[in-house]
Amino acid sequence: MSETNPAATAPVTADAAPHRYTAAMAAEIEARWQDFWDAEGTYAAPNPKGDLAGDPELVARPKKFIMDMFPYPSGAGLHVGHPLGYIATDVFARFQRMTGHNVLHTLGFDAFGLPAEQYAVQTGTHPRASTEANMKNMVSQLRRLGLGHDKRRSFATIDPEYYKWTQWIFLQIFNSWYDDEAKRARPISELVAQFDSGERAVPGGGTWSALTEAERADLLGEYRLAYASDAPVNWCPGLGTVLANEEVTADGRSERGNFPVFKSKLRQWNMRITAYADRLLDDLDQLDWPEAIKLQQRNWIGRSEGARVDFPVDGERITVFTTRPDTLFGATYMVLAPEHPLVEKFTPAAWPEGTRDAWTGGHATPTEAVAAYRAQAASKSDVERQAEAKDKTGVFIGAYATNPVNGEQVPVFVADYVLMGYGTGAIMAVPAGDQRDFEFARAFELPIRCIVEPTDGRGTDPSTWESAFASYDAKIMNSSNDEVSLDGLGVVEAKERITEWLERTGAGAGTVNFRLRDWLFSRQRYWGEPFPIVYDEDGIAHPLPASMLPLELPEVEDYSPRTFDPDDADTKPETPLSRNEDWVHVTLDLGDGRGPRRYRRETNTMPNWAGSCWYELRYLDPHNSEQLVDPEIEQYWMGPREGLPHGGVDLYVGGAEHAVLHLLYARFWSKVLFDLGHVSSAEPFHKLFNQGMIQAYVYRDSRGIAVPAAEVEERDGAYFHQGEKVSRLLGKMGKSLKNAVTPDEICAEYGADTLRLYEMAMGPLDVSRPWDTRAVVGQFRLLQRLWRNVVDEDTGRLSVADVAETDVDADTLRALHKAIDGVRQDLEGMRFNTAIAKVTELNNHLTKVGGPVPRPVAERLVLLVAPLAPHVAEELWRKLGHTSSVVHEDFPVADPAYVVDETVTCVVQIKGKVKARLEVSPSVSEEDLEKAALADEKVVAALGGAGIRKVIVRAPKLVNIVPA
Ligand code: ANZ
């Protein structure tokens, strides 16, 4: 870098004075203070009790729990974009420590994950070995930044002592059910007691004691918050694993490897997060999170109000979910999702009379038509099936249902635009009101009935329409029977009226539907937490007793899942763990009174998200071997308090890409643990802040290939690489784009304090910003000037003037106190860039005034800088004669006398005559100025009790009062 950037290096190395602040000096100071902090345990946050207990005076202070989204230890190490959030939380945490708080700030690693596993598959290195090497590298990169972490509290999710508790939480979830009436999770034993006593009826009649063990297990599986189910999942034979919806592309292939993905029924573990849909939605209101993130969670949970309507078919019925029950009179056909379990039941052997050719798909029988269509639908992803632009396909199943509102016989189709996973997997189709239904009706020659008066002048004859008509402002028409009429009503009233009719006649009911699905919780991978579950000879799942945790990952020969012919949908996954026969088949005494028995272990592993669902709790009490977290310690750091009814971490900083999955899963686990009484906080993260991204320029040659950014030269606004002109665009920073800058390089060139200042000064924390190595030197120069204001560059000795504050000139005092006041507010509000601007201003003022800086000013300047550039602040604090670390010093407080704004004089007139003069702020509001004028003694006296007709205010200079 130094060869390509001589401008930046010149002032650093031009080392005229022997005691000037240079990169070499920064390196020496920084290493020395980092060693000191480690040795002294400067950042150790004491707990109220337990083995981390410490200073009672500190524990008595108000507390702050400040957290970063912990990193995945990638082999590529850190580039300068990664620590942006870590530096910000560090500055904030340091400021909180200096303003009287007991601060908990630490960092662990989210260390299970696919990259290590893939690397293992390619190289044969155990994922633990590569992950630990990566962590070691990241720990040293992070240490170099001077982050004030309580290192006693750090851990990685792959530590057996950590995942023991991840497994333990899984068991809590497995052993509980959601009581819809009490609106909380309860132990499954309480449900068993209800069934056993007859308080709760056993479905299908009979008694609990009469059920076989397998029947009981199946019944409880319907209630457990963690349960195995055979629901269709995305099976990718080419990769040998099931995939989450997010890992499947719009054209139904695997994002990784581009293999076909099939909907296949495989027994998989799920978490019943849907039980918490309401609470996950409602409690968002209490959280101090960016609105955009809350909105994404709301949309993901997707609450829709509507109705369920039953359409009778031959003594059975099809239940649909609709958000528009007011359009029931316009329902002219129905659609079942191809996977709907009723399809087989309703499909007759032969086409009924009058079946149109267009409905059969050219098949001789409905059974054949349905089977062919189902096979075709199974090869598509949900996204693809729902695509608006796609041609509508489907077949008639040969059956009719009765529209309950008018007794009409409507044909039933299967079509892939209806998804099994939403609502009831069946719809009433209203072609006039829904565009997909409209297109389907046109393609299949189905009736379209106008049931809302179009407001766009298209008329009420649907045969002339080109699209469905959707509007909430229109009036309903053609919608009445003997008992109910919606004609002339607006949509909202019509919905209410028809829902009332549905409930009265028993044809349906108002209901709320959620888009949120249960969370598919198993993966066919090696590098994840093993499930603490074993199966007996009858295939019944049993939880391991807590005493058998952690269940450690066994050694295996081969880490990769078995892959198959990518097109063979009938294959079944083979998990890496299943290959270790000795581990899989075991004789265990589970302590359930059944004695030692043969069992088969679950061989799936938990998904990546598991470890990050609860890590905030473990930071609190990381070495507790008896409990997940001691309740008193949890209460102290996370419990509910004034203004925070759900408790939670005081500040959580991370990227906006975690809007839904991680943040939703963590909230869910938190609520289960809360319901079961293990924690007092029902929300994990009270305040969330998303930092922006550090972007970097990407330079590409004429072939579009990225060239190393560090080798690019600028000439007259154009960019050249090895003489060839290249293009420049702002993009992500990373190895593949050849524009990564590492914190190590910048630390070597300028020191960590400069890097910290630069990253914080680049702009508001939540805004993305382009990295510019050439600009870093600006912050280095600030530190040089700061140094020079306190230390003599020739002798290295302190150069401040030992005078009292009363002897400092008024201008300097004003500059000092304004800076203190501003920096304090900025740091509290996480406006680090403006805080640095204020420090710079004060420092420049001192340079301009010249002469030795008065000690009271120098000391406070150093304290102001301490959260931002902690190493140089420690060094200067020592030079100023202090023997203790600056970390726990009090942050300076401004003297308000020096902070008030300059004032302007406002003239108060009564009937045009000047009666008073007020000294006011130039930015005073009209209201405040009017109040101040009317309250002024002289004005009150001049008015002599007379009423006021009018007050004319021209802030900030004039108020004219017209008495009555
Ligand atoms: C009749 C109707 C008339 C509908 C109309 C819409 C407009 P949201 O708002 O997203 O909840 N629907 C229901 N279940 C479905 C499924 N499994 N697959 C595909 N579509 C499904 O959407 C609810 C609406 O989406 C429902 O209301 C239903 O169509 C459709 F003028 O019913 B509606």
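Residues numbered from 1 in each chain as written. Predicted model: local features only at pLDDT ≥ 70, side-chain atom pairs only at ≥ 80, totals over all residues. Heavy atoms only, no water.

## A short note on the packing of aromatic side chains
No. 1: Counted according to the given criterion, the structure contains 51 aromatic pairs.
No. 2: Residues phenylalanine 321 and tyrosine 422 carry aromatic rings whose centres are separated by 6.4 Å and whose planes lie at 85 degrees to one another, so their mutual orientation is edge-to-face. Of this pair, phenylalanine 321 sits in strand 11 (residues 316–322) while tyrosine 422 sits in the loop between strand 14 (409–414) and strand 15 (426–429), and the two are 101 residues apart along the sequence.
No. 3: Residue class for tyrosine 422 comes out partly exposed when judged on its relative accessible area of 23%.
No. 4: Consider the rings of tryptophan 359 and phenylalanine 413, whose centres lie 5.4 Å apart with planes at 70 degrees: the pair is edge-to-face. (Phe/Tyr/Trp six-rings, centres within 6.5 Å; stacked < 30°, edge-to-face > 60°. Helix = DSSP H or I, 4+ residues; strand = E, 2+ residues; numbered from the N terminus. Buried < 20%, exposed > 50% of the residue type's maximum accessible area, 1.4 Å probe, protein only.)

## With respect to the site of the ligand
No. 1: Taken together, 19 residues form the shell around the ligand, and within it Ser304, Thr322, Leu419, Tyr422 and Arg515 come nearest.
No. 2: Contacts to the ligand include serine 304, whose side-chain N or O atom sits 2.6 Å from an oxygen atom.
No. 3: For the ligand, an oxygen atom lies 2.4 Å from a polar atom in the side chain of tyrosine 422.
No. 4: For the ligand, whose accessible area on its own is 650 Å², the fraction buried by protein is 86%.
No. 5: Those elements that place two or more of their residues in the shell around the ligand are strand 11 and strand 15.
No. 6: When the residues that make up the shell around the ligand are grouped by side-chain class, the tally is 8 nonpolar, 7 polar and 4 charged. (Near = heavy atom within 4 Å. Polar contact = N/O pair within 3.5 Å; in protein donor to acceptor, adjacent residues only side chain to side chain. Areas by Shrake-Rupley, 256 points an atom, 1.4 Å probe, with all protein chains shown as cover. Nonpolar A, V, L, I, M, F, W, Y, C, P; charged D, E, K, R; others polar.)

## Details of the nonpolar core
No. 1: In this structure, Phe170, Phe521, Trp669 and Trp771 are the most contacted members of the largest nonpolar core, which totals 182 residues.
No. 2: Of all hydrophobic cores here, the second largest spans 65 residues; its members include Val309, Leu342, Ala426 and Ile498. (Core = buried A, V, L, I, M, F, W, Y, C linked by side-chain atoms within 4.5 Å.)

## Some details on the sheet that holds strand 9 (residues 268–271)
No. 1: A sheet is described by the order of its strands in space; here 3 strands give the open sequence 5-9-17, paired in antiparallel fashion. Each edge of the sheet is formed by a strand with only one pairing partner; in this case those strands are strand 5 (226–229) and strand 17 (519–520).
No. 2: Relative to strand 17, strand 9 runs antiparallel, the two being bridged by 2 bridges. Within strand 17, the residue paired with asparagine 270 across the bridge is leucine 520.
No. 3: Most of the contacts of helix 7 (residues 160–174) go to strand 9, to which it runs at about 80 degrees, and overall it touches strand 5 and strand 9. (Pairing = 2+ DSSP bridges. Contact = heavy atoms within 4.5 Å. Axes fitted to C-alpha atoms, helices over the stretch in contact; angles between N-to-C directions.)

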